[in-house]
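# Coordinate analysis (summary)
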Amino acid sequence: MTRTAEVVVIGAGVMGASVAYHLAARGCRDVLVLERGDRAGLGSTGRAMGGFRGQFATDVCVRLSLLAREKLLRFRDELGVDPGYRPVGYLFMARTAAQLDTLRAAHAVQRRAGLHEVREVGSDEIPRLSTAVRADRYVGGSFCPTDGYIVPLDILRGYLGGAQRLGVTFEYGVGDVACLAEDADGARRVRGVRTGRGEIAARHVVNAAGPWAAAVGRTAGIDVPVVPTRRQVAITAPCALSADTPMTIDVDDGVHYRVRDGRVVWMWPVDTPADDPFDTTFDPRWLDALLPRAYAMAPALRDAGIDPDACLCGLYEMSPDKHAILGPAPGVRGLYLINGSSGHGVMHSTALGQLLAEIIVDGRAHSLDVHALRPSRFAEGEPNLETGVL
C-alpha cells in the first residue's frame, strides 16, 4: 500500500461528513473520506425530507435530538452555514384513546430526558395548529413546538466546508469501497481499504455507507444488520398552505405531511417493493393506497392534486430496532459503525458525528451515554424497544 491515512471514512453523505468534521476538529489531521458517487449527497441525504423532532419513545433518541438541537443552534456560528432549523413543531394526532395513551406514555419518557416543552393537545386545538386537518377524526394528540424542519443539503454543505478547512480530503467517484482486515496478535484488525484506484492503509475505518452499510461490513467479514428500505413521497402542485404548518402525523396509519417550497409533501412509511431494494424509481401504484388515506386526514388538500414529475423515492437504512448503530464493530478492531438510523439520520447527524469522533479519539463517548446504540446489542439480545408509533 503506497497511500496511508489515519482515518478513512466510507461515505460522503451527511453522516460521513459530520464524522470527518468532528474528527478533524478534535485534532485528526489525516482524515480521508471516500465516496462512490461523483459528488457528496447523492444517496439518502439528498432525498431526505428535512424533519427534526424530539418526540421519540426511547430515552436515547430523545437525548440524541436534544444534543443535535444544541448543535443546530450553534451551527451557523461554528460552520458559517444556516442549517435551516425552523421550530414550527410536530403534531401527532390520535384517533383512539389507546393511541392517545401511547403518546402520553411517550411524554413521560421525553420529559425525563429533558424535553419539557412537549404537551398534549385536544381535538379542538388540532385544526388551529394544522389548518387542513379534519379535526373530528381525532380525539387528541401531542405537540412539541421545538420540533420542526432542517435543510439536509445545507447541513451537509456546512460539514463539507468545515472539514475541508481543517484539512480533510474528499475523493469522489471511487466506486465500491472494501474494508480490509487481517488477523494480528490473536485478533482481527482493520488494515485499510481497497477502491478501484488501489489500496489505502489506515489505522481506523468508519463505515458511513448508509443503506450500503451491510455490503461494506461483509468485506470486513462482519454482519452489519442494516437493510435498505424504499420510502416514497408524493408532492402536490403549488398551494397556499402556510410554510409554518407543523409536520402533521396520523399515528394510526403513519400518513403525514409538511409544506416545503410552497407545496405539500405527503409521506407514508409503506412502500411498493421493487425487485432491486436499492431502486429509487418512483412507483405510482403507491399513490392508489396513499391518497384515500391522505384526503380522509386532510380533505382540504384534495384540490392541490399531485405533481407526478415532482414525486420521488429514497432509501432508509433500517436497523432491526430502528435505532442507530454506533461504535466499534464487534470482531474487527479499528472498524467503526455509524449506521442504521432508520430515517432519523439527517436529524441526528450533528450529534452522532460528534459522538463517534469522541469514541475514536477518547475511547468512549462522553457527551451522551450511547450504550443503548452499541453494535453488539443485537447479539447480546438487548435491542431497544420499538413502539411502532414514535
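Residues numbered from 1 in each chain as written. Predicted model: local features only at pLDDT ≥ 70, side-chain atom pairs only at ≥ 80, totals over all residues. Heavy atoms only, no water.

### Details of the state of the cysteines
This model, assessed by the stated rule, comprises zero disulfides. Unpaired in this structure, Cys 179 has its nearest cysteine sulfur neighbour in Cys 28, at a distance of 17 Å. A relative accessible area of 1% means that Cys 179 is categorised as buried. Here Cys 311 is not disulfide-linked; the sulfur of Cys 313 is the nearest cysteine sulfur, at 11 Å. Judged by its relative accessible area of 10%, Cys 311 falls in the buried class. (Disulfide = S-S within 2.5 Å. Buried < 20%, exposed > 50% of the residue type's maximum accessible area, 1.4 Å probe, protein only.)

### Some details on the packing of aromatic side chains
Each aromatic ring pair is characterised by the separation of its centres together with the angle its planes make. On inspection of all chains with the given rule, the structure shows nine aromatic pairs. Note on Tyr 90 and Phe 92: the rings are 6.1 Å apart at their centroids and 40° apart in plane angle, and the pair reads as tilted. The residues Tyr 90 and Phe 92 share a single accessibility class, namely buried. In this structure, Arg 258 packs its charged tip against the face of Tyr 149, placed 3.8 Å from the ring centre. (Phe/Tyr/Trp six-rings, centres within 6.5 Å; stacked < 30°, edge-to-face > 60°. Lys NZ or Arg CZ within 6 Å of the ring centre and 35° of its normal.)

### Digging into helix H7 (residues 285–297)
Note on helix geometry: an α-helix contains 3.6 residues per turn, so any two residues three or four positions apart are oriented the same way. At Leu 291, H7 shows its maximal kink, close to 30°; a proline, Pro 292, follows between one and four residues later. Looking at H7, one finds that the buried residues are Trp 286, Leu 287, Leu 290, Leu 291, Ala 294, Tyr 295 and Met 297. Looking at the buried residues of H7, the elements they touch are strand E4 (90–94), strand E12 (227–235), strand E13 (247–250), strand E14 (256–260) and strand E15 (263–267). (Bend = angle between axes of the 7 residues up to and from the residue. Helix = DSSP H or I, 4+ residues; strand = E, 2+ residues; numbered from the N terminus. Contact = heavy atoms within 4.5 Å.)

Taken by themselves, the reported measurements are silent on function.
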